[in-house]
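In case you want the letters, here they are:
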Amino acid sequence: MRFPKLSRSLRQLSTHVLAIALGVVLAVSTLQVLPSQAEPAPTITAGGISELIAQRQSPASAAIGSTSFVTAAVNRVGSAVVRIDTERTIARRADPFLEDPFFRRFFGEGFSQQMPSEQLRGLGSGFIIDKSGLVLTNAHVVDKADKVTVRLKDGRTFEGKVQGIDEVTDLAVVKINAGNDLPVAPLGSSTNVQVGDWAIAVGNPLGFDNTVTLGIVSTLKRSSAQVGISDKRLDFIQTDAAINPGNSGGPLLNGQGEVIGINTAIRPDAMGIGFAIPIDKAKAIAAQLQRDGKVAHPYLGVQMLTLTPDLAKQNNTDPNSPIQIPEINGVFVMRVVPNSPAASAGIRRGDVILQVDGKAITSAEQLQNVVEDSRLGQVLQVKVQRGNQTQQLSVRTAELQNAS
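Residues numbered from 1 in each chain as written. Predicted model: local features only at pLDDT ≥ 70, side-chain atom pairs only at ≥ 80, totals over all residues. Heavy atoms only, no water.

**Details of the overall build of the protein**
For step 1, the next point in the chain: Scanning the protein for helices and strands turns up ten helices and 22 strands.
For step 2, the next point in the chain: Taking all contacts inside the protein whose residues are at least 6 apart in sequence as the whole, residues at least 24 apart take part in 63%.
For step 3, the next point in the chain: With the model as given, the accessible surface of the protein reaches about 23500 Å², and the carbon-plus-sulfur share is 53%. (Helix = DSSP H or I, 4+ residues; strand = E, 2+ residues; numbered from the N terminus. Contact = heavy atoms within 4.5 Å. Areas by Shrake-Rupley, 256 points an atom, 1.4 Å probe, with all protein chains shown as cover.)

**A closer look at the pairing of strand β3 (residues 81-90)**
For step 1, the next point in the chain: By the bridge criterion, ten bridges tie β3 to strand β4 (residues 118-130) in an arrangement that is antiparallel. Residue pairing for β4: V82 is matched across the bridge by G126.
For step 2, the next point in the chain: Two elements, β3 and strand β6 (residues 147-151), share five bridges in a ladder whose sense is antiparallel. Paired with T86 across the bridge in β6 is V148. (Pairing = 2+ DSSP bridges.)

**Section: the environment of G122**
For step 1, the next point in the chain: Mapped onto the elements of the fold, G122 is located in strand β4.
For step 2, the next point in the chain: With a relative accessible area of 26%, G122 lands in the partly exposed category.
For step 3, the next point in the chain: As for G122 and A145, which are separated by 23 residues in sequence, their C-alpha atoms are 8.8 Å apart.
For step 4, the next point in the chain: In this structure G122 touches I84, D85 and T86, once residues within four positions along its chain are discounted. (Buried < 20%, exposed > 50% of the residue type's maximum accessible area, 1.4 Å probe, protein only.)

**Comments concerning the pairing of strand β18 (residues 352-356)**
For step 1, the next point in the chain: When you tally the buried positions in β18, you get four out of five residues, the bulk of the element.
For step 2, the next point in the chain: Pairing geometry for strand β17 (residues 330-336) and β18, over two bridges, is antiparallel. Within β18, the position partnered with V331 by the bridge is I353.
For step 3, the next point in the chain: One ladder, built from four bridges, connects β18 with strand β20 (residues 379-386); its direction is antiparallel. Note on β20: the bridge partner recorded for I353 is V384.

**Topic: helix α10 (residues 364-372)**
For step 1, the next point in the chain: Along α10, the residues that are buried comprise A364, L367, V371 and E372. Buried residues along α10 cover an arc of 135 degrees about the axis, so they all sit on one side.
For step 2, the next point in the chain: For α10, the elements touching its buried residues are α7 (279-292), β15 (298-299), β16 (302-307), β17, β18 and β20. (Arc of directions from axis to C-beta.)

**Remarks on the side chain of R233**
For step 1, the next point in the chain: Secondary-structure assignment places R233 in the loop between α6 (224-227) and β11 (235-239).
For step 2, the next point in the chain: Accessibility expressed as a relative area gives 15% for R233, which makes it buried.
For step 3, the next point in the chain: In terms of polar contacts, R233 uses its side chain to reach the backbone carbonyl oxygen of P298, at 2.6 Å.
For step 4, the next point in the chain: If we skip the residues at most four places from it in the chain, R233 touches V168, T169, S224, K281, H297, P298, Y299, Q368, E372 and L400. (Polar contact = N/O pair within 3.5 Å; in protein donor to acceptor, adjacent residues only side chain to side chain.)

**Description of unusual backbone geometry**
Working note: non-glycine residues mostly have negative phi, and peptide bonds are mostly trans.
For step 1, the next point in the chain: Phi at N210 is positive, roughly 55 degrees, even though this residue is not glycine.
For step 2, the next point in the chain: Here N210 is to be found in the loop between β9 (198-203) and β10 (211-223).
For step 3, the next point in the chain: Of note in the backbone geometry, D357 takes a positive phi value of approximately 55 degrees without being a glycine.
For step 4, the next point in the chain: Inspection of the secondary structure assignment puts D357 in the loop between β18 and β19 (359-360).

**Topic: the pattern of salt bridges**
For step 1, the next point in the chain: Taken as a whole and assessed by the stated rule, the structure comprises ten salt bridges.
For step 2, the next point in the chain: For R83, the salt bridge goes to D85, with nearest N and O atoms at 3.1 Å.
For step 3, the next point in the chain: The closest approach of N and O atoms between D209 and R151, which form a salt bridge, is 3.8 Å. One end of the pair, D209, is in the loop between β9 and β10; the other, R151, is in strand β6, and 58 residues separate them in sequence. (Salt bridge = Lys/Arg side-chain N within 4 Å of Asp/Glu carboxyl O.)

**Some remarks on helix α3 (residues 69-77)**
For step 1, the next point in the chain: Of the positions making up α3, those classed as buried are F69, V70, A73, V74 and V77. The buried residues of α3 occupy an angular sector of 130 degrees when the element is viewed end-on, so they sit on one face.

**Quick word on the environment of L134**
For step 1, the next point in the chain: In this fold, L134 is placed in strand β5 (residues 134-137).
For step 2, the next point in the chain: As for L134 and K161, which are separated by 27 residues in sequence, their C-alpha atoms are 9.7 Å apart.
For step 3, the next point in the chain: What L134 contacts, discounting residues up to four positions off in sequence, is F127, I128, I129, Q163, V173, V174, K175 and Q290.

**A few points about the sheet that holds β3**
For step 1, the next point in the chain: With respect to topology, six strands assemble into a closed barrel ordered β3-β4-β5-β8-β7-β6, the strand pairing being antiparallel. Adjacent strand axes in the sheet meet at a mean angle of 40 degrees when their direction is disregarded.
For step 2, the next point in the chain: Bridge count for β4 against β5 is three bridges, and the pairing is antiparallel. For D130, the partnering residue across the bridge sits in β5 and is L134.
For step 3, the next point in the chain: Taken strand by strand, α7 contacts β4, β5, β7 (157-166) and β8 (171-175), and its axis lies near 55 degrees from that of β8. (Axes fitted to C-alpha atoms, helices over the stretch in contact; angles between N-to-C directions.)

Written out as structure tokens, the structure is:
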């Protein structure tokens, strides 16, 4: 009776051993198959010629590598990025108490004249665009500065001379005398930039020298009016690469280390949004600043608003509205600057600009670009709607004297 029980036990044991052995075999075979997944892609034969399918490494994988594309880009341009320190002396505002005749008799006439002046210091960034020592930066970095000091990455400092400033595009060129063998930042093209491209900001934010931040191009052709800078004529590159005070004038790079923009503006009410002047625009302006020291900008002399049928309808249905507006697409004239080309041509407040030289105008930004691209003294044929009638007016552009 004991033998049948023993035989059953042996059968169960043999079954367990067989299962374990089968598991080991499967595991070994799996380990032999897995390495083949990391082998090169299979060969495809076409017309008797074998081609190996190329395996491309993604930018994200490259960025995680020991030497990322960001490192390569910064190494390519980093030595050409400079720090710009400025000083400006302003007279302190006189205390009315000091102008009191009794006070002046008591302390003497020269006391109020001995009051110390105030020293304002500023900080920004820039980058060298020519071996002779030409530095490109923002106009607001060096505007009205009494002293400009340019510090290179290697620690050398030089006095900078402002060669030209253009407030309208917020660009300036500074010259330093440091020999003729300075590092130069490679300039790319902003025309080829696309939304989603890598964006690398280099500069001296908040005084922290040689700082690099990484992001992407979040949108293109963001108008200065949309950004809230109404006195500029620019279409910005928008990026989420961190841009802080002190970054102004520094380069915005693409993934290859080429300059595609100049960091110029931040919004204090936004998180992670910065703006850069496209480098193609900056190249043209910089050339004029080097040659003439300034840039002449044509203007009409109107304050304007993009008009749509919906916007006009909202105005017209408001019982408190002082004016009825045509429910059309165009540019609404909110104000005409006295003694401006628009005023001389007969453009009035309330007019809607429909066309310029036969080209339909549907936004304020479009009208601004058309005028900016015209020549000084050029006569533009402007079609406006005034009430229920349309008129053709001839406007001769003039030079914009003050951006503000």
